Amino acid sequence: MTQRALDPSGEQPNGSSGPPGAGRPVKIDAGSELDPVHPADLPAPATAARGLTAAEVAERIARGEVNDVPVRSSRSVTEIVRANVLTRFNLIIGVLWVIMLFVAPIQDSLFGFVIIANTGIGIVQEWRAKKTLDSLAVIGEAKPTVRRDGVAAEVSVSEIVLGDLVELGPGDKVIVDGTVTEADSLEVDESLLTGEADPVLKRAGDAVMSGSFVVAGGGAFAATKVGREAYAAQLAEEASRFTLVQSELRSGISTILKYVTWMMIPTAIGLIISQLVVKDNNFKDSVARTVGGIVPMIPEGLVLLTSVAFAIGVVRLGRKQCLVQELPAIEGLARVDVVCLDKTGTLTEGGMDVTEVRALNGAEDPYLRRVLGAFGASDPRPNASLQAIIDTYPAPSPDGTGWRVTQALPFSSARKYSGAAFDEGEGRESSWLLGAPDVLLPEADPALAEIEQLNEQGLRVLLLARARGGLDAPDLADGAVPSALVVLEQRLRPDAGETLAYFADQRVATKVISGDNAVSVGAVAAKLGLPGAEHTLDARKLPTDPDAMATAMEENTVFGRVTPQQKREMVAALQSRGHTVAMTGDGVNDVLALKDADIGVSMGSGSEATRAVAQIVLLNNSFATLPSVVAEGRRVIGNITRVATLFLTKTVYSVLLAVLVVCFQVEYPFLPRHLTLLSTLTIGVPAFFLALAPNKERAHPHFVRRVMRYAIPSGTIAAAATFAMYLIARSHYSGTGALDAETSAATLTLFLVSMWVLAIIARPYTWWRICLVAAMGLAFLIVLVVPWLQDFFALKLVGTTMPWTAVGIAVVASAALEYAWRLVGRRFPV
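Definitions and cut-offs
Residues numbered from 1 in each chain as written. Predicted model: local features only at pLDDT ≥ 70, side-chain atom pairs only at ≥ 80, totals over all residues. Heavy atoms only, no water. Helix = DSSP H or I, 4+ residues; strand = E, 2+ residues; numbered from the N terminus. Buried < 20%, exposed > 50% of the residue type's maximum accessible area, 1.4 Å probe, protein only. Contact = heavy atoms within 4.5 Å. Areas by Shrake-Rupley, 256 points an atom, 1.4 Å probe, with all protein chains shown as cover. Pairing = 2+ DSSP bridges. Axes fitted to C-alpha atoms, helices over the stretch in contact; angles between N-to-C directions. Patch = residues over 30% accessible without salt bridge, like charges linked within 9 Å, V, L, I, M, F, W, Y side chains within 5 Å. Salt bridge = Lys/Arg side-chain N within 4 Å of Asp/Glu carboxyl O. Parallel < 35°, antiparallel > 145°, perpendicular 65-115°, else oblique. Left-handed = near helix turned anticlockwise from the far one by under 90°. Nonpolar A, V, L, I, M, F, W, Y, C, P; charged D, E, K, R; others polar. Phe/Tyr/Trp six-rings, centres within 6.5 Å; stacked < 30°, edge-to-face > 60°. Core = buried A, V, L, I, M, F, W, Y, C linked by side-chain atoms within 4.5 Å. Polar contact = N/O pair within 3.5 Å; in protein donor to acceptor, adjacent residues only side chain to side chain. pLDDT = per-residue confidence, 0-100.

Draft legend 1. Main features of the overall build of the protein. Check the secondary structure of the protein and you find 27 helices and 22 strands. For the protein, the proportion of its 830 residues judged to be buried stands at 57%. Taking contacts inside the protein between residues at least 6 apart in sequence as the whole, the part at least 24 apart equals 73%. Of the roughly 33,100 Å² of accessible surface on the protein, a fraction of 59% belongs to carbon and sulfur atoms.

Here's what the structure looks like:
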C-alpha cells in the first residue's frame, strides 16, 4: 500500500494537505501547515513534520525501545516437540515399554519403537508446516510507513521504535499505541478492541490504540508505547485475533480421548489383577499379556495423524501462496456452505478503464475533462474508479496557475460518493460530487433509465454532479446538477468463472455482496456464469428484521449498494439460519464482516486491517485459490473421520476383550507383538495413506457421534468373534503349546474381521485403495508362511480345523459388520 509523505511545508504536490478524510470536508488553505503536536510523554520528541533522525533511531534501538513483539504465525519448535512428546498416552506407553524391555523379548516391545517413529513423523511434519507459515507470514506482513528525517519509507513492524512518526491512511492498521500529530478527518475504528461499532474521529493530540484501524481520512501519529507495552500486545500477541476458529475435529478427539482414559483405567486394573493374581501363570508371561491388553486400548496414532494431516495441508496450501493464519481454519472452510464475496478484487481485477463520458444538461466536453482531471488530483489515495479517471484525464494546470483544491470530501462506503471544491482561477469557484447515480439523483430522474441500460451490460456508471453550495452543507447531495456520466468497464478475472462453477458443483451457495449498483453487479456475475445471478436486490430495500433479512439472503444471490454495517448484519442473518459462512474481502469496509464470519478470507493486497482479522490470506490475490483451500479442508476432515473409525474400533474391541478375559477368568489371548502386527497392517499403514487421499465430501458436524456410531458396533462384533474363536480353540487344543495355538487362531480371526472393517472404510474403491487393502492382506499371509517370521511373531497355525473355523467365524462377523453399518446409516443419520 503506497503512502504519500507530506513535505516539510505540510502540502501535497496537488495543493491538498495530507490524505483526505471521510467524515467531513477538509478545508485547505494555500501554504498552510499542519500543526504539530509533541506528546509530553515521549523521550526527546522529534519534530512532528520530519520524524526521528537516524541518530535518534539508533539511540532508541540501543536502549531496547523497539517494537519487539514477535509475529507468531505458528508454534515454536520447542512447543511442537513438547506437544508431540509430552502426552499422557505417550507417558503410559513409555512406562509399559520400559517394563516390556525387561520382562519380554524385543518382539513384544515393538510398539514402543512404533510410537517413537510416529512422534518423530509428527514433529518433522509440524516443523515443515511451521517453516512454510513463517516464510509466508514474512511475505504477507504489514509494512507501516514511517517518516524519518522527513522521508517516508515502509519498514517492518519490528523496526518501529519509540517516538517514530507513523503515517496513516484508509485501511491502515494502527501497529503500536501513539498520539495523533497530524489529522485529516482521521476516522479510526476501535471495534476490534472496545466493541464500539461507530468509527471515532481523531484530532491532533488524541490517543490511538494498536489493533484499531483507519476507516477514512489520514494523518500521522507518534509512537508512545511499543513492543509488549502496547495495548494490543497486552491483550494478545496478535491484536486482532479475539476469536479463534473453533475446531470440532480437535475438540472431538479430545472428548474421545478423555472417555477412553476413563474406560481404560478400571479395565486395565481388572486385567492386571486377573493375569497376575487370579491366574497363577509365569510372571513374565503374565506381565507381557497384561501389557498386550492395555496397549491397544490407546488410540495413540489418531492424534498424530490429525496433526500430520493439518501440517501437510498447510504445506500444500503454502505452495499455492495461501497463508493459513489459524490452522483450524482449514477445517472451518471445509464446513462452509455459503461464501459471501465482493465483486471488486474478487470477480473483477482491481483495475478499470474509462470507456465513455456522456455529458448531461449541456455540459461541454473540454470543461468536463478539466473537472475530472482536477478531481483525480484531489485525492492522494484514489480508489480503483478514481484511478481509472486519473489514468484517462491528467490534472489541469500542472504549473499551479489554476484549479487549486480548496476542499476535499473523500469517498465513503456509507455515503457512496466523494467531493472536491476548486478555485478555478480568475475568481471562479466550483464544488463537485462524484459517486453512485442512484444515490445522487432523485428516483424520478430520467437519466436513471439510461444508467440502468448501462448497468445491465455490466458497466459501472459514476455521476459527476455540480453541487449548489460548499461541501460542508448538511444536504450536500440535494439539488446537485448532473453534468456527466462516467462509464467504466471492469476487468473480469479470467479464473473467476471456474471458481464460481466449482462452488456451485460442491453445493456451496455464493452470495455477491457489493457496494456497486445491484443490476451492474448482477450483469458481471451473469457473465461469469453464476447461478441465480438474475436474483438481484438493492440492499437499501433489505428488511431490518434479522429473520426477514435471512429470508432475503437465502432467496437472492446478488446484493448491491451494501454498506459496511449491512455486510456484518447479512453475515449474522445467514448464521442465524444455521449456515457456515465464509467472507472474502480486501477493503477496510469488509473488516467487520470478515471478523464476524465463520471464516474470513483476505486478499494479500488488501488493507492491513483485513489481513489482520482474516484467518486465511490469499497472498497471490487470486480468488481461484479458494477451491484449493476448501478441498484441503475437506480432505483433512473427511479422511480423519475415516481413520478415526479404524483407531476407535481397535480401542473398543481391546476394552471388550479385556473385560471378557476378566469375566471368564482366562489368559489374555495376545502378546504385544500380535497386536502390534495387527495394528500396523489394519490401522497404522493404511490410515496414513487414507488420511492423505483426496476427499471432496463436504464436512458434516457431530464428529464424535459420526465416528462412534460405527466404531462401537464394529469393535463389539470384532471382540465377540475373536473371543468366541479363542474359547473354541481353548476347548480344542491341549497340552504343551496349546496357548500359542489358541492365540494364533484368535489372531487370525481378529485380523480378518479388522481387514473387513478396513475394506468398508476404504470405500469407494479406487485402484490404489484396492491395492492398499490387498497389500496388507498379503503382508499378513507372508508372516504366516515364512518360518522365521512365524517364530518372531509367535504365530503358527496348528492343524486345519481351527484355522478354517477362524475363517468361518470371520466371514459371519464380516456379514454382521455389513448389516450393522447399513443399519446404523439408516437409523442414525448425521
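Draft legend 2. Main features of the sheet that holds strand β9 (residues 322-324). The mixed open sheet is built from eight strands, whose spatial order is β9-β22-β21-β20-β10-β17-β19-β18. Single-partner strands in this sheet number two, and they are β9 and β18 (536-538). Taken over all neighbouring pairs, the strand axes of this sheet differ in orientation by 20 degrees on average, direction set aside. Both β9 and strand β22 (residues 616-618) contribute to a ladder of three bridges, which runs antiparallel. The residue bridging Leu 323 from the neighbouring strand is Val 617, located in β22. Strands in contact with helix α17 (residues 546-555) are β17 (509-513), β18 and β19 (558-560); relative to β17, the strand with the most contacts, it is inclined by about 110 degrees.

Draft legend 3. Representation of a nonpolar patch on the surface within the structure. A cluster of nonpolar residues, Val 98, Leu 101, Phe 102, Ile 106, Phe 113 and Ile 116, forms a patch on the protein surface that exposes about 590 Å² of accessible area. If you list the elements that add at least two residues to the nonpolar patch, you get α3 (88-103) and α4 (110-139). Per element, the largest residue contribution to the nonpolar patch is three residues, and it comes from α3.

Draft legend 4. Seen up close, the pattern of salt bridges. In total, this model carries 22 salt bridges according to the counting rule given. Between Glu 65 and Arg 63 there is a salt bridge; the shortest N-O distance is 2.9 Å. When the shortest N-O distance is used, the salt bridge between Asp 538 and Arg 540 registers 2.7 Å. Put simply, Asp 438, Asp 538, Arg 540 and Arg 561 are held in one network by salt bridges that share partners.

Draft legend 5. Looking closely at the environment of Glu 79. Among the structural elements, Glu 79 can be located in helix α2 (residues 77-85). By relative accessible area, which is 29% here, Glu 79 ends up partly exposed. Along the backbone, Glu 79 and Ile 123 are 44 residues apart, and their C-alpha atoms lie at a distance of 9.9 Å.

Draft legend 6. Inspection of the packing of helix α23 (residues 703-732) against helix α27 (residues 801-827) at higher detail. Interhelical geometry of α23 versus α27 gives an angle of 160 degrees and a closest axis separation of 10 Å. In terms of orientation, α23 and α27 fall into the roughly antiparallel class. By crossing handedness, the relation of α23 to α27 is classed as right-handed. Taken together, the residues of α27 that come into contact with α23 (itself represented by Arg 709, Tyr 710, Pro 713, Ser 714, Ile 717, Ala 721, Met 725, Ile 728, Ala 729 and His 732) are Thr 801, Met 802, Thr 805, Ala 806, Ile 809, Ala 813, Ala 816, Leu 817, Ala 820, Trp 821, Val 824 and Gly 825. When its residues are assigned to classes, the contact of α23 with α27 shows 16 nonpolar, five polar and one charged.

Draft legend 7. Spotlight on the packing of aromatic side chains. All told, the structure shown has ten aromatic pairs when counted by the stated rule. Ring geometry for Phe 688 versus Phe 689: centroids 6.0 Å apart, planes at 85 degrees, classification edge-to-face. By relative accessible area, Phe 689 is classed as partly exposed at 45%.

Draft legend 8. Representation of the packing of helix α9 (residues 300-318) against helix α21 (residues 626-664) in the model. Packing of α9 against α21 brings their axes to within 10 Å, and their N-to-C directions diverge by 170 degrees. Relative to α21, the element α9 is oriented roughly antiparallel. Of the two elements, α9 crosses α21, and the hand of that crossing is right-handed. Of the residues in α21, those touching α9 at Glu 300, Gly 301, Leu 302, Leu 305, Thr 306, Ala 309, Phe 310, Ile 312, Gly 313, Arg 316 and Leu 317 are Ser 628, Val 629, Glu 632, Arg 635, Val 636, Ile 640, Val 643, Ala 644, Phe 647 and Lys 650. Considering only residue class, the contact of α9 with α21 consists of twelve nonpolar, four polar and five charged.

Draft legend 9. The nonpolar core, seen in detail. Among the nonpolar cores identified, the biggest contains 134 residues, and Leu 333, Ile 616, Ile 640 and Phe 780 are the most heavily contacted of them. In terms of residue count, the dominant contributor to this core is α21 (16 residues). When near neighbours in sequence (up to four residues on either side) are disregarded, Leu 333 contacts Ala 582, Ile 599, Ile 616, Leu 626, Val 629 and Val 630. The next biggest cluster of nonpolar side chains, apart from the first, holds 24 residues, and it includes Cys 340, Ala 550, Leu 574 and Ala 597.

Draft legend 10. Region of interest: the pairing of strand β13 (residues 417-425). Within β13, eight of the nine residues are buried, leaving the element largely enclosed by the surrounding structure. Bridge count between strand β12 (residues 404-409) and β13: five bridges; the pairing is antiparallel. Residue pairing for β13: Leu 409 is matched across the bridge by Gly 419. Once β13 ends, the chain turns through two residues before running back antiparallel as strand β14 (residues 428-435), passing Glu 426 with a positive phi of about 55 degrees.

Draft legend 11. Layout of the environment of Thr 766. Of note, Thr 766 is situated in the loop between α24 (738-761) and α25 (767-785). A distance of 3.1 Å separates a polar atom in the side chain of Thr 766 from a polar atom in the side chain of Trp 768.

Draft legend 12. Structural detail: the confidence of the model for the protein. Overall, the prediction assigns the protein a mean pLDDT of 79, with 85% of residues at 70 or greater. Here strand β1 (residues 26-27) stands out as the element of the protein with the lowest mean pLDDT, 42, in contrast to α25, whose mean of 93 is the highest. Of the regions scoring below 50 in pLDDT, residues 1-46 engages in 141 contacts with residues more than four places distant in sequence or in other chains. In this model residues 236-245 is a low-confidence stretch, pLDDT under 50, and it forms 28 contacts with partners more than four residues away in sequence or in other chains.

Draft legend 13. Summary view of the pairing of strand β4 (residues 165-168). Of the two faces of β4, the one lined by Leu 165 and Glu 167 and the one lined by Val 166 and Leu 168 are each fully buried. Relative to β4, strand β2 (residues 145-148) runs antiparallel, the two being bridged by two bridges. Each residue of the ladder has a partner; that of Val 146, found in β4, is Val 166. Looking at chain direction, β4 and strand β8 (residues 213-225) are connected through four bridges and run antiparallel. Bridged to Glu 167 within β8 is Ala 220.

Draft legend 14. Representation of the environment of Asp 184 in the model. Mapped onto the elements, Asp 184 comes out in strand β5 (residues 177-189). Taking the relative accessible area as the measure of exposure, Asp 184 reaches 7% and is therefore buried. Measuring from C-alpha to C-alpha, the distance between Asp 184 and Leu 201 comes to 9.8 Å, with 17 residues separating the pair along the chain.

Draft legend 15. Structural detail: the side chain of Thr 749. On the secondary structure map, Thr 749 appears in helix α24. For Thr 749, a relative accessible area of 0% corresponds to the buried category. Filtering out sequence-adjacent residues up to four positions away, Thr 749 remains in contact with Ala 721, Thr 722, Met 725, Ala 806, Ile 809 and Ala 810.

Draft legend 16. A look at unusual backbone geometry. Look at the link from Arg 763 to Pro 764: it is a cis peptide, with omega at -5 degrees. Tracing the chain through its elements places Pro 764 in the loop between α24 and α25. At Gln 321, a position not held by glycine, the phi torsion is positive, near 60 degrees. On the basis of relative accessible area, Gln 321 is assigned to the partly exposed category, the value being 30%.

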